[in-house]
Amino acid sequence: MNLHRKGRAALVLALVAVVGMAFRVSWNALRDIAGAVGADETAATLYPFVVDGLMALALIATLVLTADARKFALRVLGTYTLASLVLNYVHGLVPELHSGGGARVDWTRLADWDPANWALVLLATSLPVGSIYFGSDLVAKVLHHRPTPIATPIENAEESTETTMKRSTADLPESPPAPITATLVRVPDQGPVDHLKSAPVFKPIPQGAALPLAPIERRPVPAESTRSRRATGRLPDAAKSTRPKRTPDQLLTEARKATAGWPDAKVTAEGIRREVHTSPANARMLRDTLLAERAKAG
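The rules behind each value
- Residues numbered from 1 in each chain as written.
- Predicted model: local features only at pLDDT ≥ 70, side-chain atom pairs only at ≥ 80, totals over all residues.
- Heavy atoms only, no water.
- Helix = DSSP H or I, 4+ residues; strand = E, 2+ residues; numbered from the N terminus.
- Expected span 1.5 Å × (residues − 1).
- Bend = angle between axes of the 7 residues up to and from the residue.
- Buried < 20%, exposed > 50% of the residue type's maximum accessible area, 1.4 Å probe, protein only.
- Contact = heavy atoms within 4.5 Å.
- Polar contact = N/O pair within 3.5 Å; in protein donor to acceptor, adjacent residues only side chain to side chain.
- Axes fitted to C-alpha atoms, helices over the stretch in contact; angles between N-to-C directions.
- Parallel < 35°, antiparallel > 145°, perpendicular 65-115°, else oblique.
- Left-handed = near helix turned anticlockwise from the far one by under 90°.
- Nonpolar A, V, L, I, M, F, W, Y, C, P; charged D, E, K, R; others polar.

### Side note on helix H4 (residues 114–143)
- Taking 1.5 Å per residue, 30 residues should reach 44 Å; H4 reaches 43 Å between its end C-alpha atoms and fits that length.
- Residue Leu-127 marks the point of greatest curvature in H4, where the axis turns by about 35°; the proline Pro-128 follows within four residues.
- When we look at burial in H4, the residues that qualify are Asn-117, Leu-120, Val-121, Ala-124, Leu-127, Gly-130, Ser-131, Gly-135 and Leu-138.

In structure tokens, the structure reads:
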């Protein structure tokens, strides 16, 4: 375990040494480029820290952040690495940059082709502004990052009775079935036992063999009435009306007598029905007949 930690520490120290030496080499080129684009001596000295320093910050953020934040840190690291490579390449192509911190070179001489020269000047002057923006964003992401908690192993896990992880029902081990105990029940004798019959046998009945009984469903029952219901059947003759059934001519005669003094407006089916005591159908028939007779006579 100690050897493993020492190996990791040695690897980190070697990486810091290599990065430091690479920064020193790149620092010379970036300082000359800054002087060529118009930076003073102090600004030119700090310029390499702006570019390569943000690369180191992006590398640390890449090791800390996760998911989309880690991808953003990798993009910043790759962009500034490419920009530093381009500026170091330009520094190697222009010998005039190697003397006087680049102050002897006019900014129009970074490249012979004007569009390329403008692009190089724009790149060199925009890197400090980008360092402010991207550096602030990376620091904010690192400060607001919440690492995922790692469950620590429990010492003497075999002797511990606490559960450290919830598992689904499918992952739980099957519990052994409960033992079934048999109950001895004595069967009563059906008759006298002689020498030809065997001794009574005790039949084991397992407790789990009993079938569950269905619950008794409660249904509403109508209450019994104490009043006796009358028997329904044929209507007795004594209950029938004693008035004989009248013919249409008889009904018409009675209607003529009852409505003799009535005006035409009063001759209605309802009035005839009440006077003659007949059905509504007969009353309408009598009304029509009476009105027709009056119209014919008038």
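### Structural notes on the environment of Trp-262
- Mapped onto the secondary structure, Trp-262 falls in the loop between helix H5 (248–258) and helix H6 (269–276).
- Ignoring sequence-local partners within four residues, the contact set of Trp-262 consists of Val-267, Gly-271, Ile-272, Glu-275 and Arg-294.
- In this structure the side chain of Trp-262 is engaged in a polar contact, spanning 3.3 Å, whose partner is the backbone oxygen of Ala-258.

### Brief notes about the packing of helix H2 (residues 41–64) against helix H3 (residues 67–93)
- Packing of H2 against H3 brings their axes to within 8 Å, and their N-to-C directions diverge by 150°. By the angle between their axes, H2 is roughly antiparallel relative to H3. Crossing of H2 over H3 shows left-handed handedness. Side by side, H2 and H3 meet where Tyr-47, Val-51, Asp-52, Leu-54, Met-55, Ala-58, Leu-59, Ala-61 and Thr-62 of the first sit next to Arg-70, Ala-73, Leu-74, Val-76, Leu-77, Tyr-80, Thr-81, Ser-84 and Leu-87 of the second.
- Residues of the contact of H2 with H3, tallied by class, amount to 13 nonpolar, three polar and two charged.

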